[in-house]
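In case you want the letters, here they are:
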Amino acid sequence: MDAREVALLTLFACEKQGAWSDGYLKKAIREAGLDPRDGAFATRLCAGVLQNRMLIDFYLDRFSTVERAKMEAKVLLALRLGVYQMLFLDRVPVSAAVNTSVNLARKYAKNPKSVGLVNGILRGISRNLEDLPQPRGELAERLAIQYSHPQWLVEEFLAQLGPEESEALLRADNEPPAIYAQANPLKTSQEELAARWTAEGVRWEAHPWLPGCFLLSGTGDLEKLPSFREGLFTVQDPAARLSVLATGAKPGMRVLDVCAAPGGKSFAVAQIMKNKGEVLSCDIHPHKQTLIEKGAERLGITCLTAQTQDGKAFRPEWEEAFDLVIADVPCSGLGVIRKKPDIRYKDPAPLEGLSKVQQAILENVARYVKPGGALLYSTCTVLRRENEAVVSEFLCKWNNFTIEHFQLPDPIGEVKSGMLTLWPQRHGTDGFFIAKLRKKDRT
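So, a few notes on the structure that sits alongside this text. (Residues numbered from 1 in each chain as written. Predicted model: local features only at pLDDT ≥ 70, side-chain atom pairs only at ≥ 80, totals over all residues. Heavy atoms only, no water.)

**Digging into the packing of aromatic side chains**
Phase 1: One pass over the full model with this rule turns up 13 aromatic pairs.
Phase 2: Measuring from centroid to centroid gives 5.8 Å for tryptophan 204 and phenylalanine 214, while their planes differ by 80 degrees, and the two rings are edge-to-face. You can see tryptophan 204 sitting in strand β2 (residues 203–206) and its partner phenylalanine 214 sitting in strand β3 (residues 213–217), a full 10 residues away along the chain.
Phase 3: A relative accessible area of 36% means that tryptophan 204 is categorised as partly exposed.
Phase 4: Residue classification places phenylalanine 214 among the buried residues on the basis of a relative accessible area of 3%.
Phase 5: Between phenylalanine 314 and tyrosine 368, the aromatic rings sit 5.8 Å apart at their centres with planes inclined by 10 degrees, giving stacked as the arrangement. Here phenylalanine 314, found in the loop between β7 (304–308) and β8 (322–328), pairs with tyrosine 368, found in the loop between α16 (354–365) and β9 (369–379); they are 54 residues apart in sequence, far enough to count as distant.
Phase 6: Here phenylalanine 314 falls in the partly exposed class, since its relative accessible area comes to 29%.
Phase 7: Classification of tyrosine 368 as buried rests on a relative accessible area of 2%. (Phe/Tyr/Trp six-rings, centres within 6.5 Å; stacked < 30°, edge-to-face > 60°. Helix = DSSP H or I, 4+ residues; strand = E, 2+ residues; numbered from the N terminus. Buried < 20%, exposed > 50% of the residue type's maximum accessible area, 1.4 Å probe, protein only.)

**With respect to the packing of helix α6 (residues 94–108) against helix α7 (residues 113–126)**
Phase 1: Where α6 contacts α7, the axes come no closer than 8 Å and their chain directions differ by 165 degrees. Classified by the angle between their axes, α6 and α7 sit roughly antiparallel to one another. Both α6 and α7 take part in a crossing whose hand is right-handed. In contact with Val94, Ala97, Val98, Asn99, Ser101, Val102, Ala105 and Arg106 of α6, α7 contributes Val115, Val118, Asn119, Leu122, Arg123 and Ser126.
Phase 2: Classifying every residue of the contact of α6 with α7 gives 8 nonpolar, 4 polar and 2 charged. (Axes fitted to C-alpha atoms, helices over the stretch in contact; angles between N-to-C directions. Parallel < 35°, antiparallel > 145°, perpendicular 65-115°, else oblique. Left-handed = near helix turned anticlockwise from the far one by under 90°. Contact = heavy atoms within 4.5 Å. Nonpolar A, V, L, I, M, F, W, Y, C, P; charged D, E, K, R; others polar.)

**Side note on unusual backbone geometry**
Phase 1: Following alanine 261, the chain continues into proline 262 via a peptide bond in cis, with omega recorded as 5 degrees.
Phase 2: Within the fold, proline 262 resides in the loop between β5 (254–257) and α14 (264–272).
Phase 3: Residue proline 411 follows aspartate 410 across a cis peptide bond; omega there is 15 degrees.
Phase 4: Along the chain, proline 411 falls in the loop between β11 (406–407) and β12 (414–415).

**Thoughts on α16**
Every α-helix winds through 3.6 residues per turn, so residues three or four apart in the chain are directed the same way.
Phase 1: With 12 residues, α16 extends 17 Å from end C-alpha to end C-alpha; this agrees with the ideal 16 Å at 1.5 Å per step.
Phase 2: Among the residues of α16, Leu354, Gln358, Gln359, Ile361, Leu362, Glu363, Asn364 and Val365 are the ones counted as buried.
Phase 3: Where α16 is buried, its residues meet β8, β9 and α17 (388–397). (Expected span 1.5 Å × (residues − 1).)

**Here we look at the pattern of salt bridges**
Phase 1: Per the counting criterion, the structure on display carries 24 salt bridges.
Phase 2: Residue arginine 171 is joined to glutamate 167 by a salt bridge in which the shortest nitrogen-to-oxygen separation is 3.8 Å. Within this pair, arginine 171 and its partner glutamate 167 are both found in helix α10 (residues 163–173), separated by 4 residues, close to a single helical turn.
Phase 3: Glutamate 167 gets classed as partly exposed once you look at its relative accessible area, which sits at 28%.
Phase 4: Two residues, glutamate 278 and arginine 254, come together in a salt bridge whose shortest N-O distance is 3.1 Å. Taken as a pair, glutamate 278 in strand β6 (residues 278–283) and arginine 254 in strand β5 lie far apart in primary sequence, 24 residues in all. (Salt bridge = Lys/Arg side-chain N within 4 Å of Asp/Glu carboxyl O.)

The following block contains the structure:
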């Protein structure tokens, strides 16, 4: 099984079984025995089709005499893979894009005529690559097709950012996601870690303004690196690390991370605390408790205890027991579209109730904060109704909390409003929201 076939079967699983592309693809690459280069190609193909599916389908509709709805699922996916390669991968010859897609159709099509259909459509598009039709209509409709985001989401972005920056965000969402790693100061220095990566053949680049953060490339499977297995670093986007820096955590604190899995923020706060104090890292799913425990062990973190706990369920023994509570709540995930491109195609209806869940968690865990302690609310989305609106509603109800400014590295600097949205097109990070709250001291 080659990279293209792995990509096709992954896309099929996403479409028909509701699988998430990243998890399914890793498993499929391992089972197919693809080497790092072919594994990376399969990943690029899969992500590329998802990132550009609406635009690809726009072209298919104009060059096909058969409606997409009447095509076999795997035949349609073979077409999408072919169009993606022709439009976006300069290193793949057009002839190879056409021929490999025809071969996939030949292998998986139930109707023999589908092979000729795929060949005819792709050759038709290949002859018109320099003069393809462009999406038309109102701005939101055009941008939705051009960047393959649902129109409702494009309209949300336009309302928040305006036309120019919305397009920059849509463009950023479709770029290959960067891999960022954070050095583990409990086990190594930045200089020692960089030297290890060089010896392991990993290309690295220091982040321009976030200390201890590196951009990695040429890694292959990160978990196979000796430096990873030895716990010298964690994979974490700068946005998540910035949210931990905003907490102002110090050694000796007692910290609760209520929605912690897979544990990145718990690990980061333990490192900032120099492994002195206590970090209670919780998640609602029991299997994720084990994931957190294994991560802490790999990193040499001994001040952390993992536990299974629902963030909405009150624990009386935790009332006013923590100096810092971190609530990185469940959200729509629309800030990490470039890492999880299939998020954009999920049904938006369930998102309407998310703010109530977020509010319930926030109000519950606020009771765990000591007088004078801090509460950090964060999400990996950029929608105001899940971010500023939730915090504002909370502050209206809980007058014993106030919003508090926090300091981050330049060029962000001091966040005087106490609330910050990080944007891919502005900060080069995931889309992320941070709000810092302080519980009033009784004195």
